[in-house]
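An overview of the molecular structure
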Amino acid sequence: MKGVYWSLLFLLSSIHLVAQVPLMRNLTVGDGLPSSFVYRAFQDSEGYMWFCTDKGVARYDGYKFEVFTSQNGLPYNDVFGLIEDRNKRLWFTSYAYAFSYYDIATHQMKVVPNTVTPATSEHTWGIVSFASGATHMVLSDLSGVVVTQQNEVLPARSDSLLQRHYFLGPVFSPRSFNKSTSIYENSSFLTLGGRPLVPPADNMNRHAIATFLYYPYGTYYCTDTQLFLWDGDRLVSKSVADLSRFGNDRIIRLSKIGASRHILVITEKGHFVIDERLNRVTEFDFIAEFKVNSLTLDRDNNLWIATKDRGIFLLPRKQYKAWMYPELTDVSVKAIATDKSGRLWLGSSQGDVYVLEDRQLHKITLNIHYRLPVKKLFLTNNELFITWEDYLSAIIPLNQIRNYTVPAVQEQDVRTADMQVILIRAEAGKPCVFRWKNIKDICQDYTGNIYLSTPNHVYRLTALPDAREIRFIPETGRVLALAADRQNTVWVGAPSGLSMIRDNQANRLPVHTARHAITQKPISAIVTDLLGGVWVATDGYGLYKLMANRVQTIPELTGASIKSLSYDQGQQRLFVLTNRSVYVITNRAGGDGYTLKELTPDDGLPAHEIQCVAYVDTFLYAGTDKGLLRFNPALYINQQTRTDLPLYIRGIEVNNRDTAVADRLELTHRQNTIRFNFIALSYHNAKQVQYEYRMLTDNGFFDAHWHPVNGQLFKEFQNLPPGEYQFFLRASDPDGNKTQRKAPLTLVIQPPWWQTSWVVIFSAVLLMAGLYYGVRWYTSRKLLHQRNVLKWTLLAQEEERKRLAADLHDDLGATLAAIRVQLESFQQPASLLSGSIKMMDKALRDLRFISHNLMPPEFSQLGLAEAIHDAVSRLERVSGREVVFVSYGDEQRLSAEVELTVYRIAVELINNAVKHANCRVINVQLIFFPNRLTLMVEDDGNGYIKPDSGIKSGIGDRTIRSRAKFLNAKLQVDSGARGTTVSLEVPV
């Protein structure tokens, strides 16, 4: 069938093997194997599985095979073994004259020609990797060569460790043994020394040895009829006749099973597995179904079965730990109990009772005529209690069971006896069988008292010299479960809740218990532990624990319908049987807290219903309607959380083209569609592995959360923009273990040239320069425009001043002069006209002052300093203040507009001081520097400047500032109570 499929192994009923058929996965040629003949399976350091066949080797990742043959690098297809050296190279043992290996780091197959030994050494028989990094090859003629780390082939020196070791020394030489000696299974002992691998030669017949295996704790070897274990001090042996199921069987060879202590023994008629003490491991008896070449355990304890004709079988670790007893095939096991010696007692639906002793199952002959289903088994220190349906019960002293047979006993019917006290006639120490009531449960307290529960009451059973007395305990109702604690309190479980018996009388529950809801729940089972705890199981309401004056609810079992409880005193573990599975509860040290583990069919339990359980000698026994299951739960109860689930990026596609896998990829802006192919190596449940990813950018913003991949083995990103990305990946197996890939894979997608940093920087510089010069040009143009506007405004003002001065002087002045002449011609008394003439003179002086101020001076004739000096003289005469003018430096002639503007500012400042400063003295300084002109006006008045606004607001103020701006001059004002200083610096 094409594809990986699941198949069930058929039962070999003729040889009475196993009733529990493990669920296995079969990998064949149809799935990608190069051949159905598989020598062995091997797991490399990265977790991949390799299979050696007669038609090449194959690497397996849980989904598909990668096959290597002579067409793609393998020198010879028939490969029967492989080993990984210290340099992560997988060397193959084959019938090729050349040496070949697979480099795990580069994922390449390489061939190293043999340039040392003759061609008569036709194949590689063994491979040994030493700490020096060199790899030693043992050839078919048992000669040796060395392959260095640089793939140089050198002859092995006579004094090399390979030649000096006991393996090739006089004490023990493989030349004395046949070719079944598996050197590739024993490579480790070539690097170790210190003791002989086998006993001295005079204690063994080396020529009769078929094969041997070396372990750090001893050497296993065999003849065709005997198995031996030599630990350096003593020799242990066992005959194959004691282990094989076939008579007259002979051993062919031994083979290791991975890193376990189990050994595969291949015989002429079959094969079986032994442990480190040469005991047969019956859990592996199902392999008799196959023609086995080898068995391998991977790091997850999955079992790989290499066969000669059916490819590879994979048995998950959760399957091969269960084993069914063939003697009880299709027998419904209804009851299980254990005695103090560790024997397991079973009761079946056919009414039979069995005992498991020394791993052998024996049927008890009861000599009872009735064949009724067994309901309950209970064992005290000395007696076996059996209850069947139809009110039948038996009490059998254990010492009366001889050769697994019980003497015949007369049945007694006491159903009509008095309810208070019932006597069952029986001699002391003799069995008795009686028909009385439907006994639901039996328990024994620590003083030896035995209590029986029926649907209506609880009774106490007492042994008399000639009878058994069953005495009624008052005030006890319908009872389903009983259990006694170390204080001799009998806990009683009924459909209506929990109660207790103490001193053979019904007692009230402690207050803390009586108030709990457990007193009203239907009780199905009760057990007590060694720490004083009382475990109470309910039908549909879960599990409770009573301890230290409190009631604890087990939340994991809330709502569970519990069938039975079984307590293992040795390990202090409680086994809880529900209608779904088996739970294992382990008390923590001191009784504070617990751990809980659920066992299901995925762990190896049967898929059909389990009816009862018991734990004996590290095994959990489960009675089912198909027989008895023996199960080793230790692997799962004590299972450590796995943290090394191998996770790999097995391929990268860029724009649909394969790209070499690397931790960092540099791509162009056109390579923006990326696909990651990945795999987590989990073989027994590969399709149940869940994958999650996240993608981060260099700014840590994009896709920071984990996202599921939704059942795919790849993740593709399309049209990724330029930038640096980190791809994180993690996987989780069905047990919830998560493994994150240790280092993220980094992608760097380069931007196109027009988006590169230097282009962006250059463009930004150009833009900033353009903006700078554009703003500067705009500002200069604006300033120039403002200066022109101001210039023409000032020129227009000056023209208007000229016109106004001319009009005043020529028209109004002439008119006033004519009026004065007429006044003088009037023939009036002098006293009357003198006042009018004085007023007219003053008006004429003011008019001349105004007209002179309005009229710009002739700078071409006077110069700026002289013009200001004339203005200062006129203002001094008119204002009555002392105005002092001083000029420093060599006067430089400026443009008419500049000189006129400075002149107007000087006049306006002097006028402001006269009008507003209330001053007595005004100092005016004009200083000529080579590159600037400074005008300074000072007064000793009380100040006329507002602190928050500069020069006092008004027409004069605005005029001064506008003219200073026109000159591009710096205007500074310092005004206070002691006067005002105004300076104007004009660049020239």
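Just so it is clear, the model here is predicted, and its values are computed rather than measured.

Okay, the sheet that holds strand S4 (residues 49–53) next. The strand order across the open sheet formed by four strands is S3-S4-S5-S6, and the pairing between neighbours is antiparallel. Because the sheet does not close on itself, it has two edges, and the strands there are strand S3 (38–43) and strand S6 (65–68). Ignoring which end each strand starts from, the neighbouring axes of this sheet average 20° apart. Here S3 pairs with S4 via five bridges, running antiparallel. Pairing of Ala41 across the sheet is with Phe51, part of S4.

A separate point is the side chain of Asp339. Its place among the elements puts Asp339 in the loop between strand S26 (333–338) and strand S27 (344–348). You can call Asp339 buried: its relative accessible area is 9%. A distance of 2.8 Å separates polar atoms of two side chains, one belonging to Asp339 and the other to Arg343. Leaving out residues up to four positions away in the same chain, Asp339 has contacts with Trp345 and Leu379.

On to the UniProt feature "transmembrane region" (unreviewed entry) in the protein chain, then. UniProt records the feature "transmembrane region" (unreviewed entry) at residues 753–775, using the numbering of this structure. Along residues 753–775 one finds 83% helix and 0% strand; the C-alpha atoms at either end are 30 Å apart.

On to the confidence of the model for the protein chain. Looking at the protein chain as a whole, its pLDDT mean stands at 79, while 77% of the residues score no less than 70. Low pLDDT (under 50) marks residues 637–641, which in the prediction has 10 contacts with non-local residues, meaning those over four places away or in another chain. Counting contacts from residues 947–952, a segment whose pLDDT is below 50, to residues more than four positions away or on other chains yields 11 contacts.

Side chains that carry opposite charge are capable of pairing whenever their charged atoms lie near each other. Under the defined criterion, the tally for this structure stands at 24 salt bridges. As a salt-bridge pair, Glu357 and Arg343 come within 3.9 Å of each other at their nearest N and O atoms. Here Arg343 lies in the loop between S26 and S27 and Glu357 lies in strand S28 (residues 353–357), a separation of 14 residues in the sequence. Taking the relative accessible area as the measure of exposure, Glu357 reaches 23% and is therefore partly exposed.

Our next topic: the nonpolar core. If you look at the biggest cluster of nonpolar residues, it comprises 58 residues, and the most contacted ones within it are Trp50, Phe51, Trp304, Phe676 and Tyr691. Setting aside residues up to four positions removed in sequence, Trp50 forms contacts with Arg40, Ala41, Phe42, Asp44, Val57, Ala58, Arg59, Phe68, Leu82, Leu90, Phe92 and Tyr102. Core analysis: the second largest hydrophobic core is formed by 37 residues, Val872, Leu875, Val883 and Leu900 among them.

Take the sheet that holds strand S47 (residues 550–553) next. Read across the open sheet, the four strands follow the order S44-S45-S46-S47; overall the sheet is antiparallel. Edge positions in the sheet fall to strand S44 (523–528) and S47, since each has one partner strand and no second. Between one strand axis and the next, the sheet turns through 20° on average, direction left out of account. Bridge count for strand S45 (residues 534–538) against strand S46 (residues 543–547) is four bridges, and the pairing is antiparallel. Within the sheet, the bridge partner assigned to Trp535 lies in S46 and is Lys545.

Burial of strand S20 (residues 263–267) is extensive: five of the five residues sit out of reach of the surface. Of the two faces of S20, the one lined by Ile263, Val265 and Thr267 and the one lined by Leu264 and Ile266 are each fully buried. In this structure, strand S19 (residues 251–256) lies alongside S20, joined through five bridges in antiparallel fashion. Bridge pairing links Arg253 to Ile266 in S20. The turn linking S19 back onto S20 is made up of six residues, and Gly258 within it adopts a positive phi angle of 60°. Of the strand pairs in this sheet, S20 and strand S21 (residues 271–274) are connected by four bridges, and their pairing is antiparallel. Bridged to Ile263 within S21 is Ile274.

Take a nonpolar patch on the surface next. Together, Trp758, Phe762 and Leu766 make up an exposed nonpolar region whose accessible area comes to about 380 Å². Checked against the element boundaries, Phe762 lands in helix H4 (residues 757–825).

Evaluation of the coordinates by the stated rule reveals 32 aromatic pairs. Arranged with centres 5.4 Å apart and planes meeting at 25°, the rings of Tyr48 and Tyr648 form a pair that is stacked. You can see Tyr48 sitting in the loop between S3 and S4 and its partner Tyr648 sitting in strand S55 (residues 647–654), a full 600 residues away along the chain. Relative to Trp304, the ring of Tyr60 lies with its centre 6.4 Å away and its plane at 80°, an arrangement referred to as edge-to-face. Linking Tyr60 in strand S5 (residues 56–60) with Trp304 in strand S23 (residues 303–307), this pair joins segments that are 244 residues apart in sequence. Ring pairing ties together the aromatic residues Phe37, Tyr39, Tyr76, Phe80 and Tyr95, which thus form one cluster. The ring of Tyr101 has Arg89 sitting right over it, with the charged end atom 5.1 Å from the ring centre. The cationic tip of Arg730 hangs over the ring face of Trp706; the distance from NZ or CZ to the ring centre is 4.2 Å.

Calculation notes
Residues numbered from 1 in each chain as written. Predicted model: local features only at pLDDT ≥ 70, side-chain atom pairs only at ≥ 80, totals over all residues. Heavy atoms only, no water. Pairing = 2+ DSSP bridges. Helix = DSSP H or I, 4+ residues; strand = E, 2+ residues; numbered from the N terminus. Axes fitted to C-alpha atoms, helices over the stretch in contact; angles between N-to-C directions. Buried < 20%, exposed > 50% of the residue type's maximum accessible area, 1.4 Å probe, protein only. Polar contact = N/O pair within 3.5 Å; in protein donor to acceptor, adjacent residues only side chain to side chain. Contact = heavy atoms within 4.5 Å. UniProt positions renumbered as here; feature names shortened; annotations may be inferred. pLDDT = per-residue confidence, 0-100. Salt bridge = Lys/Arg side-chain N within 4 Å of Asp/Glu carboxyl O. Core = buried A, V, L, I, M, F, W, Y, C linked by side-chain atoms within 4.5 Å. Patch = residues over 30% accessible without salt bridge, like charges linked within 9 Å, V, L, I, M, F, W, Y side chains within 5 Å. Areas by Shrake-Rupley, 256 points an atom, 1.4 Å probe, with all protein chains shown as cover. Phe/Tyr/Trp six-rings, centres within 6.5 Å; stacked < 30°, edge-to-face > 60°. Lys NZ or Arg CZ within 6 Å of the ring centre and 35° of its normal.

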